[in-house]
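Fold and geometry: a report
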Amino acid sequence: VGVGGYGAWLLLAMSRMGVGEIVCLDSVVVEFSNLDRQIVYSTADVGKFKVDAAKEFIRASGLPTRVTPVAKRVDSPSTLRPFLRGVDLVFNSFGFFSPPFPRGNPARAISQACRMERTPMLSLGGAWVGPLCLPGKSPCYFCFESELTRRGGWGLSPANRAPLAQKRMFLPVVGATALAAVSEA
């Protein structure tokens, strides 16, 4: 879900590894400011929906991967659930949020939909990968969320972050994290 910084890398790596079909959900268009870290786009893609430009990139590369583009924002489980049938794994690249957890954020909605549909989900964000949530076999996002709430969060409010954590994502970190997620998957 999402074909931005992490999602573009995930799409490229998974297609190069021979994954047969990838469903991409993202409601955002390519912007010039994305090009420094979103490796499947070029200046010719600016203004296009990311999912459409990503599909075209894979098609033009000659790879046999089928890309299903869905230009939707995932802000509730009901948005994602219809697209989970037959899916082997969902990458949730929106990370965790420190309590209080905002309602309607993509990470929460993706996790809820995967839990409801019993679809495995791998979370990633920042420079970390995990957890891999296997429904009925391992803790889910909400297991971690409830523990974080009990502990009062991670102490990651903007006031407590290092100055570099306030800045945009840096290409090598995004790429390395996404590729580690592909390896984990």
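So, here is what we can say about the structure in this document.

1. Description of the overall build of the protein
In terms of regular secondary structure, the protein is built from 6 helices and 5 strands. Start at the N end of the protein and walk to the C end: the helices and strands fall as α-β-α-β-α-β-α-β-β-α-α. When the 185 residues of the protein are sorted by exposure, 42% land in the buried category. Accessible area of the protein: about 9,700 Å², with a carbon and sulfur share of 58%.

2. So, the pairing of strand β1 (residues 21–25)
Relative to strand β2 (residues 66–70), β1 runs parallel, the two sharing 5 bridges. Along β2, the bridge assignment pairs E21 with R66. Taken together, β1, helix α2 (residues 50–61) and β2 form a β-α-β motif whose crossover is right-handed.

3. Observations concerning the sheet that holds strand β3 (residues 90–92)
As summarised here, the arrangement of the 3 strands in space is β3-β4-β5, forming an open sheet in which the pairing is mixed. The open sheet has two edge strands, β3 and β5 (128–133), and neither has a second partner. Direction aside, neighbouring strands of the sheet carry axes that sit 25° apart on average. Note: β3 against strand β4 (residues 121–125), 3 bridges, orientation parallel. Residue pairing in the sheet places N92 in a bridge with S123 of β4. Packing of helix α4 (residues 106–117) onto the sheet brings it into contact with β3 and β4, and relative to β3 it is tilted by some 155°.

Rules used in this analysis
- Throughout this document, residue positions are counted from 1 along each chain, in the order its sequence is written.
- Confidence filtering applies because this is a predicted model: local features only for residues at pLDDT of at least 70, side-chain atom pairs given and counted only at 80 or more, and all residues used for totals across whole chains, interfaces and linings.
- With hydrogens and water set aside, each side-chain value is computed from the structure's full complement of heavy atoms.
- A run of H or I in DSSP becomes a helix once it reaches four residues, and a run of E becomes a strand once it reaches two; helices and strands are each numbered from the N terminus.
- Think of it in three bands: residues with accessible area under 20% of the maximum for their type are buried, residues over 50% are exposed, and the middle band is partly exposed, with areas taken using a 1.4 Å probe on protein chains only.
- All accessible-area figures derive from a Shrake-Rupley calculation using a 1.4 Å probe, and residue coverage is judged against the displayed protein chains alone.
- At least two bridges found by DSSP between two strands is the condition for calling them paired.
- Here a crossover is taken to be right-handed if, once the strands point away from the viewer, the path from the first strand over the helix to the second is traced clockwise.
- Here an axis means a line fitted to C-alpha atoms, over the contact stretch when the element is a helix, while the angle between two N-to-C directions is reported on a 0 to 180 degree scale.
- Residues count as neighbours in contact if any of their non-hydrogen atoms are within 4.5 Å of one another.

Read these as spatial facts, not as claims about activity.
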